[in-house]
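# Working through the structure, step by step
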Amino acid sequence: MDRGSLAHDSGKPEDPLLEEGGKTRLLTREAQGSSEMGVAEGDDAVLTSGKGGSFGDGDRLDIETPETSHQISKDSWFQVGFVLTTGINSAYVLGYSGAIMVPLGWFGGVIGLILATAISLYANSLVARLHEYGGRRHIRYRDLAGFIYGEKAYSLTWALQYVNLFMINVGYVILAGSSLKALYLLFRHDDQMKLSHFIAIAGLACILFAISVPHLSALGIWLGFSTLFSLLYIVIGLVLSLKDGIQSPPRDYSIHSRSSSGIFEIIGASANLVFAFNTGMLPEIQATVRQPVVRNMMKALYFQFTVGVVPMYAVTFIGYWAYGSNVSSYLLNNVHGPLSVKAIANISAFLQSIIALHIFASPTYEFLDTKYRIKGSALAIRNLTFRVLVRGGYLAITTFISALLPFLGDFMSLTGAISTFPLTFILANHMYLVAKGHKLTPLQKNWHWFNVCFFILVAVAAAVAALRLISVDSTTYHVFADL
């Protein structure tokens, strides 16, 4: 059966979005059976030679690879696992005690985080198993959605993903600037330096890093530094929180607000549970992993959701244990200890935010580099000039918006509700249902439909909660606020 027949039989027109690119001969082995709750084994692909083109069990198949200026299939699953873990253990973890545990309490927070971990692993595994669906590598989320649904879904997914990633990048610039401000306030207590000044410094550092690292695979040793920085601020936060908790009187862990406001806070915290684990760019990260891409990506995901979540769990739970409902939205503001140690933690949070931002900006960089055919040596004058002007311009705009609207976290919650949930949970389940429906049992199909409907309801509730938060906080908004 050829690709045209496959598209016709599945009720979809032949893919209108094919781009020029090389072809790698691969042999696919369709899975035998399926695992619990509708997750079928992914199609393993191994390099082979020979002539092929048909699609079927045990047949040879041309896996088409779209054109891209960035490297693909170069990284080990272990390196990709560290890329994923960098996102989970970014400096955002220093706020989870306050953002998740305070509104939900011990029971809701602990159970919620465990459930969110399992649900996120499941949803990401669905997307990972579709990476070579239909005889083509889907190295971008929009490519996968377009292949399954058509051109309109391609455009819609593109818009949702890039708005989501842009808002995440804005958040990282604000976070990096806030870390610098916290460092400054350790040694000085004047008003000469405002948050906007620190955001500008953070933005400049992000620009320099973006110019220096041409693509995601080039992070290399920087992932090691990112892990070191994460360990520094997490370990320092843990040790100082433990010391404070041991020396402090009994803390208050009760959930104080029982009004309608408290309900919206609980909904917002529940949404934060899943935002913490998901990137909205899994196909772009999977594009960098070596063959067999499905098997190796699953190893990376298992690493992310086992070893990778331990530091996040530890700092979230111990921070809440130490300070109770009085824990702040930035844990390092609560801890007591030597100024030099707290300074190291804040510097580490600043530096790690720069590396994490680069990961979430990489789909934008890949699009621009591919569109303008930026290939070859990263140090070539044309390529270097392009990165200075284009990436520098993109991050300059990101930095300006971050400084102008440092309260954008409220709007980021809204963006997450209308983009992260659809990309990570709703689309993941529905795309898998459409692509693999002929192999699923009725029970498995019902399970996927349940997930689609459930997460639509959760996304709507999270959007309403975010809109209410914006409405309540709107009286305190002003441009270039020094928060």
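To start, this report covers the structure provided alongside it.

Definitions and limits used
- Residues numbered from 1 in each chain as written.
- Predicted model: local features only at pLDDT ≥ 70, side-chain atom pairs only at ≥ 80, totals over all residues.
- Heavy atoms only, no water.
- Core = buried A, V, L, I, M, F, W, Y, C linked by side-chain atoms within 4.5 Å.
- Buried < 20%, exposed > 50% of the residue type's maximum accessible area, 1.4 Å probe, protein only.
- Helix = DSSP H or I, 4+ residues; strand = E, 2+ residues; numbered from the N terminus.
- Contact = heavy atoms within 4.5 Å.
- Patch = residues over 30% accessible without salt bridge, like charges linked within 9 Å, V, L, I, M, F, W, Y side chains within 5 Å.
- Areas by Shrake-Rupley, 256 points an atom, 1.4 Å probe, with all protein chains shown as cover.
- Salt bridge = Lys/Arg side-chain N within 4 Å of Asp/Glu carboxyl O.
- Axes fitted to C-alpha atoms, helices over the stretch in contact; angles between N-to-C directions.
- Parallel < 35°, antiparallel > 145°, perpendicular 65-115°, else oblique.
- Left-handed = near helix turned anticlockwise from the far one by under 90°.
- Phe/Tyr/Trp six-rings, centres within 6.5 Å; stacked < 30°, edge-to-face > 60°.

## Quick notes on the nonpolar core
The biggest cluster of nonpolar side chains holds 127 residues, and the ones touching the most others in it are Leu94, Phe277 and Met312. For this core, the leading source of residues is helix α5 (residues 151-187), giving 15 residues. What Met312 contacts, discounting residues up to four positions off in sequence, is Ile88, Asn89, Val93, Tyr96, Leu113, Ala276 and Phe277.

## Focus on a nonpolar patch on the surface
Where nonpolar side chains cluster on the molecular surface, the patch consists of Phe107, Ile111, Leu115 and Ile119 and spans about 400 Å² of accessible area. Mapped onto the secondary structure, Ile119 falls in helix α3 (residues 96-128).

## Structural notes on unusual backbone geometry
Of note, the amide linkage connecting Gln291 to Pro292 takes the cis form, showing an omega dihedral of -5 degrees. Looking at where Pro292 falls in the secondary structure, it is placed in the loop between α9 (282-286) and α10 (293-304). Phi at Ser73 is positive, roughly 55 degrees, even though this residue is not glycine. Relative to the elements of secondary structure, Ser73 occurs in the loop between β3 (60-64) and α2 (77-88). For Ser73, a relative accessible area of 24% puts it in the partly exposed group. Backbone geometry places Arg373, a non-glycine residue, at a positive phi of 55 degrees.

## Overview of the side chain of Ser353
Among the structural elements, Ser353 can be located in helix α12 (residues 339-371). For Ser353, a relative accessible area of 1% gives the class buried. Other than its neighbours up to four places away in sequence, Ser353 contacts Ala91, Tyr172, Leu175 and Ala176.

## Describing the packing of α5 against helix α13 (residues 381-404)
Between α5 and α13, the least distance of the axes is 9 Å, while the angle of their chain directions is 65 degrees. On the basis of the axis angle, α5 is roughly perpendicular to α13. The interaxial crossing formed by α5 with α13 has right-handed handedness. Across the interface between the two elements, Phe166, Asn169, Val170, Val173 and Ile174 of α5 pack against Tyr394, Thr398, Thr399, Ile401 and Ser402 of α13.

## A word on the packing of α2 against α10
Their axes nearest at 8 Å, the elements α2 and α10 cross at an angle of 40 degrees. Regarding the angle of α2 to α10, the classification is oblique. Like other packed secondary-structure pairs, α2 and α10 cross with a definite hand, here right-handed. The segment α2 lies against α10, with Trp77, Phe78, Val80, Gly81, Phe82, Leu84, Thr85 and Ile88 engaging Asn296, Met297, Lys299, Ala300, Leu301, Phe303 and Gln304.

## Quick look at the packing of aromatic side chains
Applying the stated criterion across every chain, the model contains 31 aromatic pairs. Between Tyr122 and Trp447, the aromatic rings sit 6.1 Å apart at their centres with planes inclined by 70 degrees, giving edge-to-face as the arrangement. Of the two residues, Tyr122 sits in helix α3 while Trp447 sits in helix α15 (residues 442-473), which places them 325 residues apart along the sequence. Measuring from ring centre to ring centre gives 6.3 Å for Tyr365 and Tyr394, while their planes differ by 85 degrees; the resulting arrangement is edge-to-face. Pair noted here: Tyr365 is in helix α12 and Tyr394 is in helix α13, with a separation of 29 residues, a long-range link. Of the two residues, Tyr365 and Tyr394, both sit in the buried class.

## Brief notes about the pattern of salt bridges
Two side chains carrying opposite charge are able to pair once their charged atoms lie near each other. According to the stated counting rule, one finds five salt bridges in the structure shown. With its nearest N and O atoms 2.8 Å apart, the salt bridge here joins Arg140 to Glu366. Taken together, the residues Arg140 in the loop between α3 and α4 (141-149) and Glu366 in helix α12 connect sequence positions 226 residues apart. A relative accessible area of 9% places Glu366 in the buried class. For Asp369, the salt bridge is made with Arg391, and the minimal N-O distance between the two is 2.9 Å. Pair noted here: Asp369 is in helix α12 and Arg391 is in helix α13, with a separation of 22 residues, a long-range link. Residue classification places Asp369 among the buried positions, given a relative accessible area of 4%. A network of salt bridges, in which partner residues are shared, links Arg140, Asp143 and Glu366.

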